[in-house]
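Structural features, examined
The chain contents come next:
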Number of protein chains: 2
Amino acid sequence: MKKAEIISVGTELLMGQVANTDAQYISGLLPSYGFAVYYHIVVGDNRDRLSECIRESLGRADLVVLTGGLGPTEDDLTKKTVAEVLGLEMIKDAKTESELFAYFSKTGRNMSPSNLSQAYFPEGSTILENDFGTAPGCLIKKTVGDEEKIIILLPGPPSELCPMFKNKALPLLKEEGEDVLLSKFFDISGVPESEVERILSDIISGRTNPTVATYVKDGLVTVRVSASGQVAEAEQLIEEDAKIIRERFGGNIVSENRQSPAEVLVRLCEREKLMLTAAESCTGGMIAEMITSVPGASNVIGSSFVTYSNDAKIRLLGVDDAVIEKYGCVSRECAKMMAEGAAKAAGADVGVSTTGNAGPGTLEDKPAGLVYIGVYYKGETVVKECYFKGGRDHVRRRASNTALETARRMILGIEAANGH
Amino acid sequence: MKKAEIISVGTELLMGQVANTDAQYISGLLPSYGFAVYYHIVVGDNRDRLSECIRESLGRADLVVLTGGLGPTEDDLTKKTVAEVLGLEMIKDAKTESELFAYFSKTGRNMSPSNLSQAYFPEGSTILENDFGTAPGCLIKKTVGDEEKIIILLPGPPSELCPMFKNKALPLLKEEGEDVLLSKFFDISGVPESEVERILSDIISGRTNPTVATYVKDGLVTVRVSASGQVAEAEQLIEEDAKIIRERFGGNIVSENRQSPAEVLVRLCEREKLMLTAAESCTGGMIAEMITSVPGASNVIGSSFVTYSNDAKIRLLGVDDAVIEKYGCVSRECAKMMAEGAAKAAGADVGVSTTGNAGPGTLEDKPAGLVYIGVYYKGETVVKECYFKGGRDHVRRRASNTALETARRMILGIEAANGH
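Note that the structure is a prediction, hence the values are computed from the model and not measured. (Residues numbered from 1 in each chain as written. Chains lettered and ligands numbered in written order. Predicted model: local features only at pLDDT ≥ 70, side-chain atom pairs only at ≥ 80, totals over all residues.)

Taken together, the 58 residues of chain A in the interface contact 59 residues of chain B. For strand β14 (residues 303-307) of chain A and strand β14 (residues 303-307) of chain B, the ladder comprises five bridges, and the chain directions are antiparallel. The residue of β14 of chain B that forms the bridge with S303 of chain A is T307 of chain B. (Contact = placed C-beta atoms within 7 Å. Pairing = 2+ DSSP bridges. Helix = DSSP H or I, 4+ residues; strand = E, 2+ residues; numbered from the N terminus.)

Below, the discussion takes up the nonpolar core. The nonpolar side chains of soluble globular proteins are, as a tendency, buried together. I291, V350 and V375 of chain A together with I291, V350 and V375 of chain B are the most contacted members of the largest nonpolar core, which totals 245 residues. If sequence neighbours within four positions are ignored, V375 of chain A has contacts with A339, V350, V352, T381, V382, A403, T406, A407 and M410 of chain A. (Core = buried A, V, L, I, M, F, W, Y, C linked by C-beta atoms within 7 Å. Buried ≥ 20, exposed ≤ 12 C-beta atoms within 10 Å, placed from the backbone.)

Let us now look at the sheet that holds strand β10 (residues 211-217) of chain A. Residue and element names in this part refer to chain A. Strands sit in the order β10-β11-β9-β12 across an open sheet of four strands; the sheet is antiparallel. The sheet terminates laterally at β10 and β12 (253-255), the two strands that pair on one side only. Ignoring strand direction, the axes of neighbouring strands in this sheet form an average angle of 35°. Alignment of strand β9 (residues 180-188) against strand β11 (residues 220-229), held across nine bridges, turns out to be antiparallel. What sits directly across from F185, in β11, is R224. (Axes fitted to C-alpha atoms, helices over the stretch in contact; angles between N-to-C directions.)

Residues and elements named next belong to chain B. With five of five residues buried, strand β3 (residues 63-67) is to be regarded as a mostly interior element. Residue alternation in β3 divides its side chains into two sets, L63, V65 and T67 and V64 and L66, and both sets are buried. As judged from the five bridges shared by strand β1 (residues 2-9) and β3, these two strands associate in the parallel manner. Pairing of A4 across the sheet is with L63, part of β3.

Our next topic: the domain arrangement of chain A. Residues and elements named next belong to chain A. Per the domain assignment, the segments of chain A are domain 1 (2-173), domain 2 (180-255) and domain 3 (261-412). Put simply, the middle of domain 1 and the middle of domain 2, counted by C-alpha atoms, are 34 Å apart. Counting residues at the interface gives five residues for domain 1, matched by four residues for domain 2. Grouping the amino acids of the side of domain 1 that touches domain 2 by side-chain chemistry returns three nonpolar, two polar and no charged. (Domains from an automatic or database assignment. Nonpolar A, V, L, I, M, F, W, Y, C, P; charged D, E, K, R; others polar.)

At an RMSD of 0.0 Å, chain A and chain B line up after a rotation of 180° and a shift of 0.0 Å along the axis. Between the two chains, the operation in question is that of a two-fold axis. When you check the interface residues of chain A against chain B, 98% turn up at the interface there too, and the contact is symmetric in its surfaces. (Least-squares fit on C-alpha atoms with pLDDT ≥ 70 in both.)

Listed below in C-alpha cells is the structure:
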C-alpha cells in the first residue's frame with residue numbers, strides 16, 4: 001500500500017469553529033484505492049507552518065491531500081505555498097478564467113482581483129472542476145528526490161470537497177494504487193463490546209491480514225474487518241471472516257455496509273411493504289428526521305408526529321389523560337399509548353414512540369437520561385426503559401437509534417413483546 | 001499566549017469512521033484559557049509514530065493534549081507511550097483501582113487484566129475522573145529541557161471527553177495561561193460574504209490585535225473578532241469592534257454567541273410568549289429536531305408535524321387537494337397552506353413549513369435543491385423560493401435553518417410578507 005497524509009488548512013479548524021469532516025470523508029475512501037492514511041494534520045492560515053507541514057508530509061508519504069485555503073478570501077495560501085515548496089510557477093488556466101468571468105457576469109457581481117487568483121494553478125496541474133462553488137481544485141504529480149509524489153488540493157467547504165474528491169480526484173488515482181486495503185463494517189446491537197471481543201477473540205488476536213477490530217459508537221458495536229492485497233484476494237479474506245461474524249451474531253447484525261439504523265429500517269420496510277410513523281416527545285423529530293434522511297423514505301413514511309406537550313399527546317395521539325395523570329408522561333404506559341396512537345393516527349403498520357427526559361435537569365422527578373421507547377407492530381407493543389448517559393443531544397441520538405433498532409428487531413421477530 | 005497542540009490517537013479516525021470532534025471541542029475552549037492551538041495531529045494506534053508525534057509536539061508547544069487510546073481494548077497505548085517519552089514509571093492509583101473493582105462488581109461483569117491497566121498512570125499524574133465511563137484521564141506536569149510542559153490525556157469518546165475536559169482539566173489550567181485569546185462570533189444572515197467583507201474592510205485589513213475574519217457555514221456568514229491580551233483588555237478590544245459590527249448589520253445579526261438559529265428563535269419566542277410549530281415535508285422533522293434540541297423548548301413548542309405524503313398534508317394540515325393538484329406539492333401555494341394549516345392545527349402563533357425536493361433526482365419535474373419555505377405569523381404568510389446546492393442532508397439543513405431564520409425576521413418585522 002502507498003502512504004497518504006491529509007493536511008487541512010484553516011484557522012477556523014484550530015479555533016474549533018468546525019470539525020474536520022473533510023479529512024474523515026477522504027480517509028474513508030482512500031484505502032480502497034490503494035492508499036493507507038497515516039496522518040491527519042491541521043494547520044492554520046500561516047505560510048511558514050504550512051510550508052513545513054507540506055515538506056514533512058512529502059518526505060513521508062506518496063500522496064498528500066490538502067484541504068482548504070483555496071477561496072478568494074484566503075488569498076490562495078494553499079496553492080501558492082504548494083507551488084513554492086515544489087518549485088513550480090503559478091500559471092493562469094484560461095478555461096477557469098473564462099468560467100469565472102461567466103459566473104460573475106451571470107450573478108451580476110463584481111469580480112475582484114482576488115477572485116481572479118482562483119484561475120491560477122501550480123504549473124502542470126490537472127484542474128479539478130468545482131460543480132458546487134467557484135474555487136477549482138487541482139492534482140499535481142511531481143518527482144521529489146527520486147520518488148513520484150501526488151499532491152491534491154481541494155476546497156474546504158464539505159459540500160464542494162466531497163463531490164470533487166469522489167468524482168474528479170479519485171478516478172485519477174485509480175491506476176496509482178498497487179495493493180489496496182478493503183474494509184467491511186458490521187454494526188452489532190444487543191451485545192456489549194467486551195462480549196463481542198470475547199466471541200471473536202480467535203479472529204481478533206495475533207493476526208495481521210485480515211485484521212479485526214471493534215469500536216463503539218452511539219450504542220452499537222462496530223466490528224471492522226480489514227484486508228490488504230490485490231482486490232480479489234482482499235475481498236476473499238474479508239468474506240471468510242464475514243461468514244464467521246454472520247454465523248456468530250445473526251440477527252444482532254444491524255448492518256454490514258455502514259448503513260445507519262434508519263437506512264436499514266427503511267430498506268426493511270420497503271421489502272416488507274410496511275408504513276412507519278413516530279410519536280416523538282423527548283427526541284422531538286429526530287426519528288422522523290433520520291428516517292426521511294434516507295432517499296426513498298417516502299415509500300415507508302407518510303406522516304409523523306412531534307408531541308412535546310401533554311395536550312398534543314392527548315389530542316393528536318389519543319393518549320388517555322388519566323394515564324398521564326396517574327403515571328406521568330415519562331412512563332411505560334404513556335410510551336405504549338403513544339406508539340399505538342401514532343400508528344392509528346397515521347394509518348401506519350409500525351408506530352415508534354419516545355418519551356423521556358433528555359436533560360439537563362429532572363422532569364416529573366425523572367432523572368436526565370431516562371427514556372421510554374415504544375414500538376407497536378401487528379397488534380403488539382414493546383416498551384423499553386433505557387438510561388442513557390451524556391448530554392441532551394447524545395441522549396436524544398441514542399434514544400432515536402434505539403427506537404429504530406427496536407423496530408427492526410420487532411419486525412424480524414427478534415424482539416418479543418414484553419407484557420406491559 | 002502559550003502554545004498548544006492536540007494529538008488524537010485512533011485508527012478509526014484515520015479510517016474515516018469518525019470525525020475528530022474531540023479536537024474541535026478542545027480547540028474551542030483553550031484560547032480563553034491562554035493557550036493558542038497551533039496544530040491538530042491524528043495518528044494511528046502505532047507506538048513508534050505516536051512517540052515521534054509526542055516528541056515533536058513537546059518540542060514546539062507548552063501544552064499537549066492527547067485524546068483516545070485510554071480504553072481497555074487499546075491496551076493503554078497512549079498512557080504507556082507518554083510515560084516512555086517522558087521517562088516516567090507507570091504507577092497504580094489505588095483509588096481508581098478500587099473504583100474499577102466497585103464498577104465491575106456492581107455491573108456483575110468480569111474484570112480482565114486489561115481493565116485493571118486503567119488504574120495505572122504515569123508517575124506524578126493528577127487523575128481526571130471519568131463521570132461517564134471507566135477510563136480516567138490524567139494531567140502531567142514535566143520539565144523538558146528547561147521548560148515546563150503540561151500533558152493532558154483524555155478518553156476518546158466525546159460523551160466522556162467533553163465533560164472531563166471542561167470540568168476536570170480546564171480548572172487546572174486556569175492559573176497557567178498568561179495572556180488569553182478571546183473571540184466573539186457574529187452570525188449574519190441576508191448579506192453575502194463578499195459584501196460583509198466590503199462593509200468591514202476597514203477593520204479586517206492590516207490589523208493584528210484585534211483581528212476580524214469571515215467564514216461561511218450553512219448559509220450564514222460568521223464574523224469572528226479575536227483579541228489577545230489580559231482578559232479585561234481583550235474584552236474591551238472586542239467590544240469596540242462589536243459596536244461597529246452591530247451598527248453596520250443591525251437585525252441581520254442572527255446571534256453574537258454562536259447560538260444556532262433554532263436557539264435564537266426559541267429564546268425570542270420565550271421573550272415574546274409565542275408558540276411555534278412546523279409542517280415539514282422535505283426537511284422531514286429536522287426543524288422540530290433543531291427547536292427541541294434547545295433546553296427549555298417546551299415553553300415554545302407543543303406539537304409539530306411531519307407531512308411527507310400529500311394525504312398527510314391534506315388530512316393533518318387541511319391543505320386543499322385542488323391546490324396540490326393544480327400546483328403540485330412542491331409549490332409556493334402548498335407551502336403557504338402548510339404553514340397556515342400547521343399553526344391552526346397546533347394552536348400556535350408561528351407556523352413554519354417546508355416543501356421541496358431535497359434530492360437526489362427530480363420530483364414532480366422539480367429539480368433537486370428547490371425548496372419552498374413558508375412562515376405564518378399574525379395573519380400574514382411569507383413564502384420563500386430557495387435553490388440550495390449540495391447533497392440531500394445539506395439541502396435539508398440549509399432549508400431548516402432558513403426557515404428558522406425567516407421566522408425570526410418575521411417576528412422582528414425585518415421580513416415583510418410578500419403577497420403570495
